[in-house]
Amino acid sequence: MPQASTAARTARWTNWAGNQSAHPAKVVTPGTAEELAEEILRAADRGRTVKAVGSGHSFTSIASAGDGVLVRPHAMTAVRELDRAAGTVTVEAGLPLHRLNRLLAAAGLSLTNMGDIEVQTVAGATSTGTHGTGRDSGSLAAQIRGLELVLADGSVRHCSPTEDPRLFEAARLGLGALGVITALTFAVEPAFLLTAHEQPMGFDEVLGRLDELTAVNEHFEFYWFPHTDRCSTKRNNRSLGPAAPLPRFKEWLEDDFLSNTVWEGACRLGRRFPGSVPTIASLASRAWSDRSYTDTAYKVFTSPRKVRFTEMEYAVPRAALGGVLRELKALVERSDWKISFPVEVRFAPADDVWLSTAHGRDTAYIAVHLYRGTAEQGYFTGVERLMAAHQGRPHWGKLHTRDAEYLAGVYPRFADFTALRDELDPDRRFGNDYLRRVLGA
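The structure displayed is predicted, hence computed values, not measured ones.

**Student:** Looking at this model, I keep getting lost on the environment of D290. Mind explaining?
**Tutor:** Here D290 lies in the loop between α8 (277-287) and β17 (291-296). Counting along the chain gives 91 residues from D290 to Q199, while the straight-line C-alpha distance between them is 4.5 Å. When near neighbours in sequence (up to four residues on either side) are disregarded, D290 contacts H197, E198, Q199 and P200. A polar atom in the side chain of D290 sits 2.9 Å from the side chain of H197.

**Student:** Would you mind going over unusual backbone geometry with me for this structure?
**Tutor:** With glycine set apart, most residues show a phi of negative sign, and most peptide bonds adopt trans. The omega angle of the peptide bond from G241 to P242 is 5 degrees, so this bond is cis rather than trans. Note that P242 resides in the loop between β16 (230-239) and α7 (248-272). Its identity as a non-glycine residue notwithstanding, Q377 has a phi of 55 degrees, on the positive side. The backbone phi angle of R428 is positive, close to 55 degrees, even though this residue is not glycine. As for its placement among the helices and strands, R428 is situated in the loop between α13 (414-424) and α14 (433-439). When its relative accessible area of 17% is taken as the criterion, R428 is described as buried.

**Student:** Would you mind going over the sheet that holds strand β10 (residues 144-150) with me for this structure?
**Tutor:** Pairing between sheet strands relies on hydrogen bonds along the backbone, with the strands arranged either parallel or antiparallel. Spatial strand order, β7-β8-β12-β10-β11: five strands in an open sheet with antiparallel pairing. Either end of the sheet is taken by a strand with one partner, and the two such strands are β7 (79-83) and β11 (156-159). Pairs of neighbouring strands in the sheet enclose a mean axial angle of 10 degrees, with direction left out of account. The sheet strands contacting helix α1 (residues 33-45) are β10, β11 and β12 (180-187), and the helix crosses β10 at an angle near 45 degrees.

**Student:** What is the right way to look at the pattern of salt bridges in this model?
**Tutor:** A side chain of one charge can pair with a side chain of the opposite charge when the charged atoms of the two come close. Counting across every chain of the model gives 32 salt bridges. We note a salt bridge from R42 to E39, for which the minimum N-O separation is 3.2 Å. Here R42 and its partner E39 are both found in helix α1, three residues apart, which amounts to about one turn of the helix. By relative accessible area, which is 7% here, E39 ends up buried.

**Student:** Could you clarify how one ought to interpret the environment of R393 in this entry?
**Tutor:** Counting through the fold element by element, R393 comes out in strand β21 (residues 393-394). For R393, a relative accessible area of 4% corresponds to the buried category. Separated by 119 residues in the primary sequence, R393 and P274 have C-alpha atoms spaced 30 Å apart. Setting aside residues up to four positions removed in sequence, R393 forms contacts with E313, Y314, A315, S356, T357, A358, H359, R361, V410, Y411 and P412. Within the structure, the side chain of R393 is placed 3.1 Å from the backbone oxygen of T357, a separation counted as a polar contact.

**Student:** Would you take a moment to explain the packing of aromatic side chains for this structure?
**Tutor:** Aromatic ring pairs are defined here through the distance separating the ring centres and the angle between the ring planes. Evaluated as defined, the whole model comprises ten aromatic pairs. Geometrically, the ring pair formed by W16 and F309 is edge-to-face, given 5.3 Å between the ring centres and 75 degrees between the ring planes. Here W16 is found in the loop between β2 (13-14) and β3 (21-22), whereas its partner F309 is found in strand β18 (residues 309-317), with 293 residues between them in sequence. As far as the burial class goes, W16 and F309 line up, both buried. Aromatic side chains F220 and F222 sit 6.0 Å apart centroid to centroid with 35 degrees between the ring planes, which places their arrangement in the tilted category.

**Student:** Which parts of the structure should I look at to understand the sheet that holds strand β19 (residues 343-348)?
**Tutor:** An order of β17-β14-β16-β15-β19-β20-β18-β21 is seen for the eight strands of this open sheet, with the pairing classed as antiparallel. Looking at the sheet topology across the chains shown, the edges are occupied by β17 and β21. As paired strands, β18 and strand β20 (residues 363-371) are joined by nine bridges and run antiparallel to one another. From the neighbouring strand, P317 faces β20, where its bridge partner is T363. In the packing of helix α10 (residues 321-333) onto the sheet, contacts are made with β15 (219-224), β18, β19 and β20, and the angle to β20 comes to roughly 20 degrees.

Definitions and cut-offs
For every chain, the first residue of the written sequence is number 1, and numbering continues from 1 along that sequence. The predicted origin of the model limits local features to residues at a pLDDT of at least 70 and limits the giving and counting of side-chain atom pairs to 80 or more, whereas totals for whole chains, interfaces and linings rest on all residues. Excluded from the side-chain calculation are hydrogens and water; included are all heavy atoms of the structure. In DSSP terms, a helix is any run of H or I states spanning at least four residues, a strand is any run of E spanning at least two, and both are numbered starting from the N terminus. The contact definition used throughout considers only heavy atoms, calling two residues in contact when any of these lie within 4.5 Å. Polar contacts, as used here, are pairs of N or O atoms within 3.5 Å; protein pairs need one atom able to donate a hydrogen and one able to accept it. Residues neighboring in sequence count only if both atoms are side-chain atoms. Only protein chains enter the accessibility calculation, which uses a 1.4 Å probe; a residue is then buried when its area is under 20% of its type maximum, exposed when over 50%, and partly exposed in between. Whether two strands pair comes down to DSSP finding at least two bridges between them. Structural elements are reduced to axes, namely lines fitted to C-alpha atoms, with helices fitted over the stretch in contact, and the angle between N-to-C directions of any two is expressed from 0 to 180 degrees. The term salt bridge refers to a pairing of a side-chain nitrogen on Lys or Arg with a carboxyl oxygen on Asp or Glu at a separation within 4 Å. What counts as a ring pair is set by centres within 6.5 Å for rings of Phe, Tyr and Trp (its six-membered ring), and what kind of pair is set by the plane angle: stacked under 30 degrees, edge-to-face over 60, tilted for all other angles.

Remember that the coordinates give geometry; whether it matters functionally is a separate question.
Set out below in structure tokens:
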């Protein structure tokens with residue numbers, strides 16, 4: 001059996017946004033669950049913590065290993081089983097979503113729903129609560145049907161709704177606090193097409209039609225451009241076909257060149273000259289035009305994101321969304337903030353995942369962004385104060401300052417999760433500063 005590879009302490013880990021970094025004492029890339037178990041036990045002997053990291057797409061320090069052992073799962077990317085009869089696929093933790101999507105498509109299968117980027121590893125995406133938008137379908141974690149993980153004592157455990165169900169309920173969105181995931185089983189379905197319809201719309205019209213737009217569309221989302229009254233809406237619905245994707249040049253021009261290259265330049269200009277931001281926002285909001293296309297589901301769900309930023313996202317009760325957004329708009333208008341990025345709004349049905357932001361309630365997500373290197377100027381602080389006033393739940397992988405006391409009040413199963421953590425990892429082998437804040441010491 002090959003031995004896990006290691007790197008020296010000089011290795012520096014940095015996340016995608018560049019706002020989190022660490023200098024772990026050791027970096028390991030195990031190829032099997034058994035190799036990972038050996039590394040965990042070795043770390044315990046040396047009094048070191050262990051943290052797994054995927055693509056580094058979280059904006060929080062949830063994956064930071066500090067000066068402990070950093071586990072990279074990139075040698076665990078196999079597809080272990082594709083069970084058509086059961087409608088499941090079992091894959092290893094380090095497989096990136098973009099590879100999973102293409103492997104499934106080649107087999108005539110698909111995930112039911114996903115977020116708008118696909119660079120994350122499957123374990124990293126599910127462990128932080130990555131989600132898209134959907135009337136009937138929820139986050140990636142809600143699509144999990146089974147897990148394999150290595151615990152602090154080195155044991156390899158399997159769990160599902162029928163096998164160790166308590167561990168399953170906690171670990172499918174486990175924040176890396178219970179163990180290191182090595183394999184996941186997802187529910188899949190026959191591949192399908194989506195028709196996307198993108199349309200500009202006024203802020204008041206969107207809010208006035210929210211119930212209709214979220215009821216008649218399988219996947220609805222919109223972007224409001226601060227300093228304007230304009231939004232861009234996107235509706236994705238299943239289609240019988242035929243496929244009618246965007247022409248390749250048009251796709252490159254609108255979804256890569258304009259949305260990334262030109263947008264990067266606009267953001268740099270706004271960062272250097274903040275007074276130009278309202279004009280940039282007005283121009284950007286007018287650049288979105290009416291368009292429709294039909295393509296393979298994952299190609300419609302996801303798009304390239306090359307402009308780097310930091311992000312905060314809160315989940316609020318769906319019924320509260322209209323009022324919260326009007327408060328947010330008023331907050332921006334009476335402040336001196338210059339906000340270049342649009343505010344993103346998505347939706348999810350209630351689910352039963354213990355630490356899901358949609359646990360037990362139909363949910364709306366409000367995400368705010370700042371271009372990398374832009375001064376915060378109180379924007380995130382003000383938004384967070386507003387969201388907390390509406391029982392908001394922060395995305396686990398996006399910036400926030402909430403602590404265990406607050407989170408215990410908005411998650412009904414929070415105490416169940418922390419009790420299981422106490423049982424499985426009493427020495428906090430998988431702990432770090434972030435988990436001590438959000439889960440308690």
